[in-house]
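Spelled out from the first residue to the last, the chains are:
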Amino acid sequence: MNYKAIIEDIYERVQPFLGHGRVADYIPELARVPITKFGMAVCTTDGDLFQVGDAAEKFSIQSISKLFTLTLAMQLEGEGLWQRIGREPSGTAFNSLVQLEYENGIPRNPFINAGALVVTDIILSHLHNAQRTVRDFVRQLADNEEIEFDTAVAHSEKITGYRNIALANFIKSFGNLQNEPVDVLDAYFHHCSLAMSCSDVARAGLFLANKGRLLQNGEAVVQANQAKYIKSLMLTCGTYDSVGDFAYRVGLPGKSGVGGGILAVMPGKFSVCVWSPGLNDTGNSLAGTKALELFTTVTGVSIF
Ligand code: GLN
């Protein structure tokens with residue numbers, strides 16, 4: 001498969017979509033990112049990396065971080081996690097409060113904000129310096145020691161994150177947070193602010209295409225069956241209330257973030273990350289989704 005030629009062709013074909021949609025301006029710092037950016041990187045389980053456009057430029061991974069925190073929480077807590085978080089698609093926006101009231105503070109899944117806040121709480125309860133451990137974990141996955149939080153983005157969200165503040169307090173009122181909401185939120189905003197390039201993110205997600213193991217040294221990040229669980233959750237919950245449309249068009253498990261990034265995985269073959277900051281109505285990258293749809297269509301490779 002000539003991935004290099006394929007992604008170069010996709011780069012041409014997505015040009016008409018760049019500039020469409022909206023950047024996530026509810027986090028003021030993200031509103032400053034030029035909407036016409038586009039990058040794409042493919043990492044194969046053979047050890048090759050192919051990239052195009054702005055693939056080496058760092059962006060705010062936002063909710064893609066939920067994938068890494070879930071992986072860490074699975075390592076730390078195992079199956080006990082599921083007593084506090086569900087595993088069903090929510091059918092509502094990523095930052096919705098409505099289901100929590102009638103589902104007694106148990107978030108539908110770990111990839112909506114409510115679920116990720118509980119995941120963060122679990123990590124905080126296990127670790128002395130949770131924030132740094134998450135950053136170091138992502139560095140290890142991506143094999144890049146330079147990955148850092150973007151503190152301006154974290155601060156920007158902290159002072160405007162009224163919905164997340166409401167969510168954390170609401171969950172706490174049901175007894176489903178062990179730590180103080182302010183501490184959970186601080187860690188959560190920092191995880192979301194991690195600045196990574198498409199190649200970093202694709203590399204960091206490659207263990208999911210490699211039966212839960214790091215490609216560089218064969219070390220197990222999670223057990224193969226846990227990697228299956230994570231990918232199943234990506235497929236059913238990774239792109240919020242447009243998860244059906246994403247599965248229909250792309251046919252791969254994926255995780256998106258409002259920074260405009262999407263990570264998708266083809267078991268046994270590759271991980272791919274696209275970035276373009278213009279979002280559709282459900283908070284997923286518009287050109288990024290299009291690029292992934294073209295990728296699986298042109299290559300004929302998807303989980304289906
Ligand atoms: N930090 C963002 C928020 O909590 C993450 C949301 C997202 O990327 N979908 O609103």
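Our subject is the structure listed above.
Since the structure is predicted, the reported quantities are computational estimates derived from the model, not experimental observations. (Residues numbered from 1 in each chain as written. Predicted model: local features only at pLDDT ≥ 70, side-chain atom pairs only at ≥ 80, totals over all residues. Heavy atoms only, no water.)

Let's shift gears to the site of the ligand. Surveying the vicinity of the ligand reveals 13 residues, the closest of which are Tyr26, Gln62, Ser63, Glu157 and Tyr188. Between a nitrogen atom of the ligand and a side-chain N or O atom of Gln62, the distance comes to 2.5 Å. Between a nitrogen atom of the ligand and a side-chain N or O atom of Tyr240, the distance comes to 2.9 Å. The fraction of the free accessible surface of the ligand (300 Å²) that becomes covered by protein chains is 100%. Residue composition of the shell around the ligand, grouped by class: six nonpolar, five polar and two charged. (Near = heavy atom within 4 Å. Polar contact = N/O pair within 3.5 Å; in protein donor to acceptor, adjacent residues only side chain to side chain. Areas by Shrake-Rupley, 256 points an atom, 1.4 Å probe, with all protein chains shown as cover. Nonpolar A, V, L, I, M, F, W, Y, C, P; charged D, E, K, R; others polar.)

Time to look at the packing of aromatic side chains. Counted under the stated rule, the structure contains 10 aromatic pairs. Note on Tyr26 and Phe94: the rings are 6.3 Å apart at their centroids and 40° apart in plane angle, and the pair reads as tilted. Residue Tyr26 is located in the loop between α1 (3–13) and β1 (39–44), and its partner Phe94 is located in the loop between α2 (65–77) and α3 (98–102); the two are separated by 68 residues in the primary sequence. Relative accessible area serves as the criterion here: at 37%, Tyr26 is assigned to the partly exposed category. Given the relative accessible area of 10%, Phe94 is considered buried. Among the aromatic residues, ring-to-ring pairing joins Tyr3, Phe50, Phe270 and Phe295 into one connected group. Over the ring of Trp82 we find Arg87, and its NZ or CZ is 5.3 Å from the ring centre. (Phe/Tyr/Trp six-rings, centres within 6.5 Å; stacked < 30°, edge-to-face > 60°. Helix = DSSP H or I, 4+ residues; strand = E, 2+ residues; numbered from the N terminus. Buried < 20%, exposed > 50% of the residue type's maximum accessible area, 1.4 Å probe, protein only. Lys NZ or Arg CZ within 6 Å of the ring centre and 35° of its normal.)

Bringing the sheet that holds strand β6 (residues 254–256) into the picture now. The strand order β2-β1-β8-β7-β6 describes an open sheet built from five strands, whose pairing is antiparallel. Of all strands in the sheet, those with a lone pairing partner are β2 (49–53) and β6, marking the two edges. Here the average twist between neighbouring strands, direction ignored, is 10°. Both β1 and strand β8 (residues 270–275) contribute to a ladder of six bridges, which runs antiparallel. Residue pairing across strands places Thr44 opposite Phe270, the latter belonging to β8. Sitting on the sheet, α1 touches β1, β2 and β8, and the angle it makes with β2 is about 20°. (Pairing = 2+ DSSP bridges. Axes fitted to C-alpha atoms, helices over the stretch in contact; angles between N-to-C directions. Contact = heavy atoms within 4.5 Å.)

Inspection of every chain in the model, using the stated rule, returns zero disulfides. Among the cysteines around Cys192, which has no disulfide bond, Cys273 carries the closest sulfur, lying 15 Å off. Cys192 supplies the cysteine sulfur nearest to Cys237, a cysteine that is in no disulfide, at a spacing of 17 Å. (Disulfide = S-S within 2.5 Å.)

What follows is about the packing of α1 against helix α12 (residues 286–299). With their axes 10 Å apart at the nearest point, α1 and α12 run at an angle of 135° to one another. With respect to each other, α1 and α12 are oriented oblique. Handedness of the α1/α12 crossing: right-handed. In this structure, α1 uses Tyr3, Ile6, Ile7, Ile10 and Arg13 to contact α12, whose residues at the interface are Ala291, Leu294, Phe295, Val298 and Thr299. Tallied by class, residues from the contact of α1 with α12 come to eight nonpolar, one polar and one charged. (Parallel < 35°, antiparallel > 145°, perpendicular 65-115°, else oblique. Left-handed = near helix turned anticlockwise from the far one by under 90°.)

Using the criterion set out here, one finds 18 salt bridges in the structure. With a shortest N-O distance of 3.9 Å, Glu145 and Arg139 are connected by a salt bridge. Owing to a relative accessible area of 58%, Glu145 belongs among the exposed residues under this scheme. In this structure, the salt-bridge partner of Glu293 is Arg249, at a minimum N-O distance of 2.8 Å. Placement of the pair is Glu293 in helix α12 and Arg249 in helix α11 (residues 243–250), with a sequence separation of 44 residues. Owing to a relative accessible area of 25%, Arg249 belongs among the partly exposed residues under this scheme. One salt-bridge network, held together by shared partners, links Arg135, Asp136, Arg139, Glu145 and Glu148. (Salt bridge = Lys/Arg side-chain N within 4 Å of Asp/Glu carboxyl O.)

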